[in-house]
Structures are given as structure tokens and as C-alpha cells.
Amino acid sequence: MESIIWHNNSLKILDQTKLPLQKEYVLCKNHKDVINAINTMQVRGAPAIGVAAAFGIVLGSNELDTDNIKEIKNHLQKIKENLKNTRPTAVNLFWALKRMEHLWKNNNYNNVQMLKKELENEAVKIFEEDIRLNRLIGKNGFNLIPQNANILTYCNTGALATAGFGTALGIIRMAKKNNKKILVYACETRPLLQGARLTVTELMDEGIEVKLITDNMAGYLMKQKKVDLVIVGADRICSNGDVANKIGTYSLAVLAKHHKIPFYVAAPNSTIDYNLGNGEDIVIEERNPEEIRSIFNNRIVKEEVRVYNPAFDVTPNNLIDAIITDKGILRFPYNNSINNIRKE
Ligand code: MRU
């Protein structure tokens, strides 16, 4: 399944809100369509949001019919700010936009057409790079998965959450390719059920054995010794190794620690926010209360029920056994290991 398709100057996004019941692509004609796709989570998952935003800039560059380079640069700057204001937690969005911005800020383009072409080239590069990095994460991480492992995972970190292949799910994929016999327990991941709707679908499509559990079953499974390791993705990794990921990740890390089960995080280096010292400063997105009041648009509680809906939480570095990146496996103390890969 391809989350994002760029072809002949047009962007198609797989509407993940409808999966797995319907497989529909939405055509994004301009940057506003991309903003809408990110806000409504038609495209979601940290790396995929970054890639979509990069193409949002490309579409935005075609919105003005002008030869005036100043005019186009001002327009791009505004679009960039609007794309930035979609989802605050995953750092890949800001990382990708910064890369795009670099082209109109630090290069002396005085030809509009040339700048537009370079923007497209850069977005395609970000897309292709993401797939390449995910494959490296898979290669670096699959040896951490023992033969006959029972793996617990959370949310969706697969091809759908990225430009392709996936991070934590990429490692699982790579383990299967290398003849490891594995069983994956996928937590459903309330409120939006990315685990149930997306992860289970991806794994079943690949012929990887998977069992769906509700989020509140994880502790019981661990107590029963049914889980050998936990592996999740990340939306932002601080320079000290604190990790923001889908709400519920922190609870799994605490449970894993209590049961002495390895807890791994997998992410590309574009998810590392080298400027953020620790997780306390990560902005946690709060989403629409209706996401909790309803399941698949069917309200399950009274309309007036008050709700708290943080979309992410932060897992402190001391609960994480390793962070698997495209640049290698990072271990505690993360300040050192993260700093080392920054220098590469
Ligand atoms: O709200 P979402 O669905 O965008 O959240 C996604 C996650 O939390 C993923 O675990 C994370 O982005 C890593 S995806 C490779």
C-alpha cells in the first residue's frame, strides 16, 4: 500500500481514515488540500506527514502565475507557516519544511521555473530517502528479534506511516524476510485505531502472523509471558533519548520495564530533534474530543461528555533499551550515542 503518490505534478494521498474498509486516494490540487489531509489524518505517521508537507510546498509553488522571484518566495514562506501549523508533535514535519525552505532562502535563484523544479526534486528526494532509511532501520534492527519471537507493537509504523516499508514494522518485515518465525500482537490504539485498522491490515497483507488485542490487554499478556519484546515508532526523539510517540506508548514502556521485557524504538534520523534537550519541552497535540466520543463517526457517549484527548505521550529514556535508526542501534546514555550520530 502506497501512502503517497507523486506523479506528473500531481499528488495522491491514500485516505487512511477509511482503511481498511475502503481504499480511496484523494487528489491534492494545492497546498490547502495537503493541509486538510494532514489535519484530518488522511495522511498520518511522522515520516509520511513530512513527505506530504514537502509536496505541499511543491503544489504551493505552482499556485502563483508569476515570474517575480520575490513574489514566489513570499508566497512559499506563507505556505510553509500554514503547513507548519497542522500538527505540532512529529518533528519530521518541521524537518522536511526546513529542507524545502533552504532552497528559496539560501540559494540565489532568480529564475522562478528553476526554483520550482528544484523544489520538486527536493520533495522527491525526501520521499525516496525515507524509503531508503527505513530499509536501513530494518537491516540494523532485525537481529534484535529472536527466532520464534512474540512481538508487541503499537499504533502504525508501517508503509502507511512512511513513504514506504516502515520503521518498527519495517524491522518486523525484515525479520520475516530473514526467516524468523514471529507472531505480532497489535494493540488497537484508541482513539483512532491505527493499530487495528492499519497495522493488522499491513501485516496480514504481508503474510505475517498477527493477533489484534485491545490496548488494556498488554499488561496481562506480559504477565502471561506471551511477549518477548515491544517495538514502537517515534514522532520526536530528544537529544537525551526521550521519545514522543502515540498516546499509550509510555504505559507500554512502564509495563515492559516491570516485566523485564526489552522495549525498542525505531525511527529514521529525521525524527531526532537535536535541539530539544528533553521530552518535557515537546508540544503534545490535543485533538478533537469527538475522536473519543465516537468510533467511526458513531457517537458512543452523550454529546456533552467532557473529554481529554492528548494524541501523544513521552517515554523517558531510562525505559528504552535501544533506539534503532538508519545510522545504527543507539543505547543508553543516549546523550552520547545520539550526539555521535549527529557528527556523522
Ligand atoms: O497520530 P498519528 O497516527 O500520526 O501517530 C503516529 C505515531 O504515533 C507513530 O507511531 C509514529 O508517527 C511513528 S510512524 C513511523
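For the structure itself, consult the block above.
All values derive from a computational prediction rather than experimental measurement.

A. How the structure looks around the sheet that holds strand 15 (residues 322–325). Overall, mixed pairing links the seven strands, which are arranged 6-5-4-7-10-15-16 in an open sheet. In this open sheet, the two strands that pair with only one neighbour each are strand 6 (209–213) and strand 16 (328–330). Between one strand and the next, the sheet's axes are offset by a mean angle of 25 degrees, whatever the strand orientation. Here strand 4 (residues 149–153) runs beside strand 7 (residues 229–232); their pairing, made up of three bridges, is parallel. Its bridge partner being in strand 7, Thr-153 is matched across the sheet by Ile-231. Contacts between helix 5 (residues 112–141) and the sheet are confined to strand 10 (263–266), strand 15 and strand 16, with strand 15 contributing the most and set at about 135 degrees to the helix.

B. Looking closely at the sheet that holds strand 3 (residues 25–28). The strand order across the open sheet formed by three strands is 1-2-3, and the pairing between neighbours is antiparallel. The open sheet has two edge strands with one neighbour each: strand 1 (4–7) and strand 3. Recorded for the sheet is a direction-independent mean angle of 25 degrees between the axes of neighbouring strands. Both strand 2 (residues 10–14) and strand 3 contribute to a ladder of four bridges, which runs antiparallel. Bridged to Leu-11 within strand 3 is Cys-28.

C. Expanded view of the site of the ligand. In the vicinity of the ligand, 18 residues are found, and the nearest of them are Ala-46, Arg-87, Asp-235, Asn-245 and Lys-246. Measuring from an oxygen atom of the ligand, one finds a backbone N or O atom of Gly-45 at 2.9 Å. Lys-246 places a side-chain nitrogen or oxygen 2.7 Å from an oxygen atom of the ligand. When the ligand sits alone it has 420 Å² of accessible area, and the protein chains cover 99% of it. Taken together, the elements giving at least two residues each to the shell around the ligand come down to helix 2 (46–61) and strand 9 (243–246). Broken down by class, the residue content of the shell around the ligand amounts to seven nonpolar, seven polar and four charged.

D. Representation of the side chain of Asn-240 in the model. Summarising the element assignment, Asn-240 is placed in the loop between strand 8 (236–238) and strand 9. Reaching out from Asn-240, the side chain makes a polar contact with the backbone nitrogen of Asp-242 at a distance of 3.0 Å. Excluding residues that lie within four positions of it along the chain, Asn-240 makes contacts with Gly-277, Asn-278, Gly-279, Asn-317, Tyr-334 and Asn-335.

E. Quick look at the packing of helix 2 against helix 4 (residues 91–106). Viewed as axis vectors pointing N to C, helix 2 and helix 4 meet at an angle of 30 degrees, and their least axial separation amounts to 7 Å. On the basis of the axis angle, helix 2 is roughly parallel to helix 4. Note that helix 2 runs across helix 4; the crossing there is right-handed. Across the interface between the two elements, Ala-46, Pro-47, Ile-49, Gly-50, Ala-53, Ala-54, Ile-57 and Val-58 from helix 2 touch Asn-92, Leu-93, Ala-96, Leu-97, Met-100 and Trp-104 from helix 4.

F. Structural view of the pattern of salt bridges. For the structure on display, the rule yields 17 salt bridges. The salt bridge involving Arg-173 is made with Glu-202; its shortest N-O contact spans 3.0 Å. Remark: Glu-202 occurs in helix 7 (residues 194–205) and Arg-173 occurs in helix 6 (residues 168–177); sequence separation between them is 29 residues. Overall, the relative accessible area of 9% leaves Arg-173 in the buried class. Between Glu-290 and Arg-293 there is a salt bridge whose closest N-O contact spans 2.8 Å. Of the two residues, Glu-290 and Arg-293 both sit in helix 10 (residues 290–293), three residues apart, roughly one turn of that helix. A relative accessible area of 23% means that Glu-290 is categorised as partly exposed. Judged by relative accessible area, which is 14%, Arg-293 ranks as buried.

Here is what the cut-offs are and how they apply
- Residues numbered from 1 in each chain as written.
- Predicted model: local features only at pLDDT ≥ 70, side-chain atom pairs only at ≥ 80, totals over all residues.
- Heavy atoms only, no water.
- Pairing = 2+ DSSP bridges.
- Helix = DSSP H or I, 4+ residues; strand = E, 2+ residues; numbered from the N terminus.
- Axes fitted to C-alpha atoms, helices over the stretch in contact; angles between N-to-C directions.
- Contact = heavy atoms within 4.5 Å.
- Near = heavy atom within 4 Å.
- Polar contact = N/O pair within 3.5 Å; in protein donor to acceptor, adjacent residues only side chain to side chain.
- Areas by Shrake-Rupley, 256 points an atom, 1.4 Å probe, with all protein chains shown as cover.
- Nonpolar A, V, L, I, M, F, W, Y, C, P; charged D, E, K, R; others polar.
- Parallel < 35°, antiparallel > 145°, perpendicular 65-115°, else oblique.
- Left-handed = near helix turned anticlockwise from the far one by under 90°.
- Salt bridge = Lys/Arg side-chain N within 4 Å of Asp/Glu carboxyl O.
- Buried < 20%, exposed > 50% of the residue type's maximum accessible area, 1.4 Å probe, protein only.

Any functional reading would require information that these geometric values do not contain.
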